[in-house]
Each structure stands twice: as C-alpha cells, then as structure tokens.
Amino acid sequence: MSEVSAVEQNHAIAAFESVIRKSEHALDSMAPNVPARKTLIKRLKAAKVGLAVLQSIWREKSFEYDMTESKEARNVLAGMLPMLGKFYDKAKPGSSQHTLIQRRIAAFELAVKFLDERY
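Bear in mind the structure is a predicted one, so any value in this text is a computation, not a measurement.

## Some details on the packing of helix α1 (residues 6–28) against helix α2 (residues 36–58)
Look at α1 against α2: their axes get within 9 Å of each other, and the N-to-C directions meet at 155°. Classified by the interaxial angle, the pair formed by α1 and α2 is roughly antiparallel. Like other packed secondary-structure pairs, α1 and α2 cross with a definite hand, here left-handed. Packed against α1, whose contacting residues are Gln-9, Ala-12, Ile-13, Phe-16, Glu-17, Val-19, Ile-20, Ser-23, Glu-24, Ala-26 and Leu-27, the element α2 presents Arg-37, Leu-40, Ile-41, Leu-44, Ala-47, Lys-48, Gly-50, Leu-51, Leu-54, Gln-55 and Trp-58 at the interface. Residues belonging to the contact of α1 with α2 are distributed by class as follows: 14 nonpolar, four polar and four charged.

This is the structure:
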C-alpha cells in the first residue's frame, strides 16, 4: 500500500471509529464475569491504538501510546485479520457487509504497517 488517498484515509478512520463504538456498546451490555469480556477489552484498546496511529500520521494528532501498548495492539490487530478475511469471504459481494469488512481489513492492515514502522 503506497499512497493512501484522502477517501481511503477517511474510510480507514471511520472503520476504526465504528469498531470502537460497537465494542464500547457491546462492553456496556456485557456482564462483568463473561469470559469474552477480556478479549473484547483487548480488542477495544487495540482499535483505539490503531485509530490513534492513523490520526497521528494523517491528521497530525499526538500519539500517546508507548512501545509496549503499540506492539500489543499491533499483534491483536494482526491476529484479527484472518478472522476478518473469513467474514469477508462469506459476505455477499457488493453488499454493505462486504464493503464494511473490506474497509476494516484495509484499516487494520494500515495500522499494523504504521505500528511496525513506528517501532
């Protein structure tokens, strides 16, 4: 992925904002002792770091995560890519779900790439 157009930048940022919103909503409705809660918290934090790295590069916002947090987020995001690929393969081509997953995959790949470059 060389140059990223302004439209692709906006899609990537919107994809992370959507993941964060949906994760926060799911977390709010989840009982405290549910085993999946810990995984959701990790993924939510990774999404916030992913959004922050994109905004730091494209929107000149400060990046306030340290190397440990960044590497952990990078690994969580990279680990989610195969799962997203499976969802993408199952989604009907041309559907809104297909487009959503495609944009999410692109956003996660960019965040992983930029986190790799950062450290």
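## Re α1
With 23 residues, α1 extends 33 Å from end C-alpha to end C-alpha; this agrees with the ideal 33 Å at 1.5 Å per step. Among the residues of α1, those classed as buried are Gln-9, Ala-12, Ile-13, Ala-15, Phe-16, Ser-18, Val-19, Ile-20, Ser-23 and Leu-27. Buried positions along α1 lie against α2, α3 (67–90) and α4 (96–118).

## Focus: the packing of aromatic side chains
Applying the stated rule across the entire model yields three aromatic pairs. Taken together, a centroid distance of 5.1 Å and an interplanar angle of 10° make the contact between Phe-16 and Phe-108 stacked. Note that Phe-16 is positioned in helix α1 and Phe-108 in helix α4, a separation of 92 residues in sequence. Like Phe-16, the residue Phe-108 is buried in the burial classification.

## Focus on the packing of α1 against α4
Where α1 meets α4, the closest approach of the two axes is 8 Å, and the angle between their N-to-C directions is 100°. Taken together, the axes of α1 and α4 lie roughly perpendicular to each other. Here α1 contributes His-11, Ala-12, Ala-15, Phe-16, Ser-18, Val-19 and Lys-22 to the contact with α4, which in turn contributes Leu-100, Arg-103, Arg-104, Ala-107, Phe-108, Leu-110 and Ala-111. Of the residues in the contact of α1 with α4, the class split is nine nonpolar, two polar and three charged.

## Topic: the pattern of salt bridges
If you walk through the whole model with that rule in mind, you get four salt bridges. A salt bridge links Glu-24 to Lys-48; the nearest nitrogen and oxygen atoms lie 3.5 Å apart. Here Glu-24, found in helix α1, pairs with Lys-48, found in helix α2; they are 24 residues apart in sequence, far enough to count as distant. Using a relative accessible area of 33% as the deciding quantity, one classes Lys-48 as partly exposed. Among the salt bridges present, the one from Lys-45 reaches Glu-69, with a minimum N-O distance of 3.1 Å. Here Glu-69 lies in helix α3 and Lys-45 lies in helix α2, a separation of 24 residues in the sequence. By relative accessible area, which is 39% here, Lys-45 ends up partly exposed.

## Considering the nonpolar core
Phe-16, Val-53, Leu-54, Trp-58, Leu-77, Phe-108 and Leu-110 are the most contacted members of the largest nonpolar core, which has 35 residues in total. Elements with a minimum of two residues in this core: α1, α2, α3 and α4. Beyond its immediate stretch of four places on either side in the chain, Trp-58 contacts Val-4, Gln-9, Ala-12, Ile-13, Leu-110 and Phe-114.

Reading the values: rules and limits
- Residues numbered from 1 in each chain as written.
- Predicted model: local features only at pLDDT ≥ 70, side-chain atom pairs only at ≥ 80, totals over all residues.
- Heavy atoms only, no water.
- Axes fitted to C-alpha atoms, helices over the stretch in contact; angles between N-to-C directions.
- Helix = DSSP H or I, 4+ residues; strand = E, 2+ residues; numbered from the N terminus.
- Parallel < 35°, antiparallel > 145°, perpendicular 65-115°, else oblique.
- Left-handed = near helix turned anticlockwise from the far one by under 90°.
- Contact = heavy atoms within 4.5 Å.
- Nonpolar A, V, L, I, M, F, W, Y, C, P; charged D, E, K, R; others polar.
- Expected span 1.5 Å × (residues − 1).
- Buried < 20%, exposed > 50% of the residue type's maximum accessible area, 1.4 Å probe, protein only.
- Phe/Tyr/Trp six-rings, centres within 6.5 Å; stacked < 30°, edge-to-face > 60°.
- Salt bridge = Lys/Arg side-chain N within 4 Å of Asp/Glu carboxyl O.
- Core = buried A, V, L, I, M, F, W, Y, C linked by side-chain atoms within 4.5 Å.

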